[in-house]
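# Commentary on secondary and tertiary structure
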Amino acid sequence: MAAEAFKVLLFGDETGDFREPLQKLCERQKGVVFLHFIDRLNAVLRDEVRRQPRYVKKQIPPFTDVLDLVKQYQDSASRNQILETTLACICQLGSVIRCVFRRP
């Protein structure tokens, strides 16, 4: 029996650059599960931003969906810990969903 290679994904590392991989994930939306994840994610992100106090809302640019938010973050010259943490987590979850539900 041949050993199969597999990847181990470790959550929690926010030091890597998530912007380009997340943008590619969002642009290449494929698969029912991944599309559902993106649809729900867009709704949850908008809802969570609405619930935040004004000082937090000021730190988050208006956006239509997660891809728009990623592009706006890439275009901004400033770092925002709220967005970095959120977008890094989204990138990691999206990558796992994409890998697990990828068609053979």
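Computed from a predicted structure; not experimentally measured.

### Points about the confidence of the model for the protein
Per-residue pLDDT for the protein has a mean of 81; in total, 82% of the residues score no lower than 70. In the model of the protein, helix H1 (residues 19-27) stands out as the element of lowest mean pLDDT, 80, in contrast to helix H3 (residues 54-57), which has the highest, 92.

### Focus on the environment of Arg-19
Structurally, the position occupied by Arg-19 is in helix H1. Exposure remark for Arg-19: the relative accessible area of 30% places this residue in the partly exposed category. A C-alpha to C-alpha distance of 9.1 Å links Arg-19 and Glu-84, two positions 65 residues apart in sequence.

### Observations concerning the side chain of Asn-42
Assignment of secondary structure puts Asn-42 in helix H2 (residues 32-51). Excluding residues within four positions of it along the chain, Asn-42 makes contact with Asp-65 and Val-66.

### As for a positive patch on the surface
Judged by side-chain charge, Arg-46, Arg-50, Arg-54, Lys-57 and Lys-58 come together as a positively charged surface patch. Elements represented by at least two residues in the positive patch include exactly H2 and H3. Of note, Lys-58 is situated in the loop between H3 and helix H4 (66-75). You can call Lys-58 exposed: its relative accessible area is 68%.

### Topic: the packing of H2 against helix H5 (residues 81-100)
Running from amino to carboxyl end, H2 crosses H5 at an angle of 160°, the nearest separation of the two axes being 10 Å. When the axes of H2 and H5 are compared, the pair comes out roughly antiparallel. Two packed elements cross with a definite hand, and for H2 against H5 that hand is right-handed. On the side of H2, the interface is formed by Val-33, Phe-34, Phe-37, Leu-41 and Leu-45, while H5 contributes Thr-86, Ile-90, Leu-93, Gly-94, Ile-97 and Arg-98. When the residues that make up the contact of H2 with H5 are grouped by side-chain class, the tally is 8 nonpolar, 2 polar and 1 charged.

Procedures and definitions
Residues numbered from 1 in each chain as written. Predicted model: local features only at pLDDT ≥ 70, side-chain atom pairs only at ≥ 80, totals over all residues. Heavy atoms only, no water. pLDDT = per-residue confidence, 0-100. Helix = DSSP H or I, 4+ residues; strand = E, 2+ residues; numbered from the N terminus. Buried < 20%, exposed > 50% of the residue type's maximum accessible area, 1.4 Å probe, protein only. Contact = heavy atoms within 4.5 Å. Patch = residues over 30% accessible without salt bridge, like charges linked within 9 Å, V, L, I, M, F, W, Y side chains within 5 Å. Areas by Shrake-Rupley, 256 points an atom, 1.4 Å probe, with all protein chains shown as cover. Salt bridge = Lys/Arg side-chain N within 4 Å of Asp/Glu carboxyl O. Lys, Arg positive; Asp, Glu negative; His and termini not counted. Charge placed at Lys NZ, Arg CZ, Asp CG, Glu CD. Axes fitted to C-alpha atoms, helices over the stretch in contact; angles between N-to-C directions. Parallel < 35°, antiparallel > 145°, perpendicular 65-115°, else oblique. Left-handed = near helix turned anticlockwise from the far one by under 90°. Nonpolar A, V, L, I, M, F, W, Y, C, P; charged D, E, K, R; others polar.

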